[in-house]
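An overview of the molecular structure
Chain residues, written in single-letter form:
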Protein chains: 2
Amino acid sequence: MTAFKYFQENWTPVINKYLEKHLADDIDDQKISQIMSYSVMAGGKRLRPLLYLATLNTLGRKIDDAEIQIACGIELIHTYSLIHDDLPAMDNDDYRRGRLTSHKKWGEAEAILAGDALLPLGIEWISKASNSAEMVTIITKAIGPNGMVGGQYLDIDSTNNTSVANDSKYIDKMEWLKTGCLILASVQMGAVRANATDIEKVKLSDFAKVFGRAYQIYDDLVDVVETSQEAGKATHKDKEEGKNNTLTLLGIDQSRQELKALIKQAKDDLNGLDSDVLGGFLDLYKKVL
Amino acid sequence: MTAFKYFQENWTPVINKYLEKHLADDIDDQKISQIMSYSVMAGGKRLRPLLYLATLNTLGRKIDDAEIQIACGIELIHTYSLIHDDLPAMDNDDYRRGRLTSHKKWGEAEAILAGDALLPLGIEWISKASNSAEMVTIITKAIGPNGMVGGQYLDIDSTNNTSVANDSKYIDKMEWLKTGCLILASVQMGAVRANATDIEKVKLSDFAKVFGRAYQIYDDLVDVVETSQEAGKATHKDKEEGKNNTLTLLGIDQSRQELKALIKQAKDDLNGLDSDVLGGFLDLYKKVL
């Protein structure tokens, strides 16, 4: 078993247990707790919290309860973004992670509020466990108008907009903001938390930027390569809905070439660091190559 | 001119100028900046940022640029909550502060995203300017599932629910969470920022709790007492839409009595503090008495 696989199999259940317990115990209203849990516990890969923990591992910091709470805070924020992206006014998706999306299951107002509740709760967990305003600033910047939400805005603004279809700069920016910023923030928070040196911070940020860029191409490839049963959500949707992304711009073969090049670059960025676990995240992409 | 009036007329333009400048300068995408500004600059009373600043004034702390950024961060968060409350799936309001609501003006996806952008940006401003994880924890707790969003959930869950119409405990809790929590947090953040003593913290929290409770009754009275032109939004709506609140429970006369009693209590809570400015906020309620 690779170091990454071992790390993933060790910490994923810890993350899931923490999320399940604290969404049940810490939220006063049982119904809203249930609605939030429904989406959080739908079986995601926990990629972003694992990236945070793996960054600590690379830098030799012990993983304790506080680290798990911070990691889980990141996952709450990621889940909020999925719930809102799926809303009828946005991508209008009926399925996510193999089950009905939040608004299909509970109603639209409930889904909006579940997202609105997960976002500040995620930041609260990060703030309380870290006692670091610097980490709060990193995560809030990453998900605000110059980050994730800005990317989602570019996405809805460009859907069915043919003038954007061949604008690779626009598409690169949109994809970076939508997906890359939160991935980068997960690694950067780990670097701050583990008191990384300036050189380590640069290497880790470079890795995370390339990893995040690769992730978006991977995600787009999943949309065309996998059946909806494998992916747990509707696939082949992007083209039907007039979505513009790297894949619609480059086509499948060239997207795969681009992904391979990014994987190599990400490995190089980790040179000189203890990267057995963190570098192993790149194995994820193999299934679409 | 009262000390409160002077304070209000001095700082409101400073708040407005900061908001306008930084929503224009600090947000990369001009269109999303415009959509966010549209709602933030619609001419609110700036009650919560002023409460934060007045708490500093009570405790003798100088108001500088950092304090204005924190105050404005609170206003961004308040504006996010208004935009989402107005959405078709929620209260479905067409007008707010005398102009079209965000979703009527820009579209539903744009309004959801404007709220989703204002929330983390508001926290970022607070986090950066204060460098205090304690203040971030106060604000995120106040607006999460056990605070403001929890109250909004109870509200939509109880609309047109006759079993709740006479349940004063449920209504009190809902109104407290929806409105009171953010008001209390504004004062508590000021107390933390100005290094209040434990006794001062208790007095200020007691005042803010009563002020927040009074504010909700005041807001409900505005709905029945004012014409929509005066209020800048649809009035007489709560009853038509089957909303349950203290007013529908107690009636107008008894609500006014309750408001008067709360004003007296709030004044008493400030005994022993330099409360010329902070106590003056209670004058706001005179127009519905």
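Preceding this section is the structure that the text describes.
These numbers come from a predicted model, not from an experiment.

Moving on, we get to the interface of chain B and chain A. In this assembly, 44 residues from chain B lie in contact with 44 residues from chain A. Where chain B abuts chain A, roughly 3800 Å² becomes buried across the two surfaces, and 68% of that area is made up of carbon and sulfur atoms. Three residues stand out in chain B for area buried against chain A, namely Leu113(B), Pro145(B) and Tyr153(B), and they jointly supply 17% of the buried area on that side. For the interface between chain B and chain A, the tally reads 2 salt bridges. At the junction of chain B and chain A, the tally comes to 12 residue pairs in polar contact (both at pLDDT 80 or more). Where the side of chain B that touches chain A is concerned, the elements lending two or more residues are helix H2 (30-40), helix H4 (65-86), helix H6 (108-130), helix H7 (133-143) and helix H8 (148-158) of chain B. When residues in the side of chain B that touches chain A are grouped by element, the largest group, 14 residues, is from H6(B). Split into classes, the residues belonging to the side of chain B that touches chain A amount to 24 nonpolar, 10 polar and 10 charged.

Counting 194 residues, the largest nonpolar core has Leu53(A), Phe281(A), Tyr285(A), Leu53(B) and Phe281(B) as its most contacted members. Those residues in contact with Leu53(B) that lie beyond four places of it in its chain are Phe7(B), Trp11(B), Ile15(B), Ile63(B), Glu67(B), Ile68(B) and Ala71(B).

Another point: the environment of Met148(B). All names here are of chain B. Looking at the secondary structure, you find Met 148 in helix H8. For Met 148, a relative accessible area of 7% corresponds to the buried category. Apart from residues no more than four positions distant in its own chain, Met 148 is found in contact with Tyr 80, Ser 81, Ala 142, Ile 143, Leu 177, Lys 178, Cys 181 and Leu 182.

Residue and element names in this part refer to chain A. Tallied over the full model, the rule gives 25 salt bridges over all chains. Lys 128 serves as the salt-bridge partner of Glu 124, at 3.6 Å between the closest nitrogen and oxygen. With Glu 124 and Lys 128 both in helix H6 (residues 108-130) and 4 residues apart, the pair spans about one turn of that helix. Note on Glu 124: relative accessible area 6%, which makes it buried. Across the pair Asp 155 and Lys 178 runs a salt bridge, and its minimum N-O distance is 2.7 Å. Here Asp 155 is found in helix H8 (residues 148-158), whereas its partner Lys 178 is found in helix H9 (residues 168-193), with 23 residues between them in sequence. You can call Asp 155 buried: its relative accessible area is 2%. Several salt bridges share partner residues, and in doing so they unite Arg 61, Glu 67 and Arg 193 into one network.

Basis of the calculations
- Residues numbered from 1 in each chain as written.
- Chains lettered and ligands numbered in written order.
- Predicted model: local features only at pLDDT ≥ 70, side-chain atom pairs only at ≥ 80, totals over all residues.
- Heavy atoms only, no water.
- Contact = heavy atoms within 4.5 Å.
- Buried area = accessible area lost by both parts, 1.4 Å probe.
- Salt bridge = Lys/Arg side-chain N within 4 Å of Asp/Glu carboxyl O.
- Polar contact = N/O pair within 3.5 Å; in protein donor to acceptor, adjacent residues only side chain to side chain.
- Helix = DSSP H or I, 4+ residues; strand = E, 2+ residues; numbered from the N terminus.
- Nonpolar A, V, L, I, M, F, W, Y, C, P; charged D, E, K, R; others polar.
- Core = buried A, V, L, I, M, F, W, Y, C linked by side-chain atoms within 4.5 Å.
- Buried < 20%, exposed > 50% of the residue type's maximum accessible area, 1.4 Å probe, protein only.

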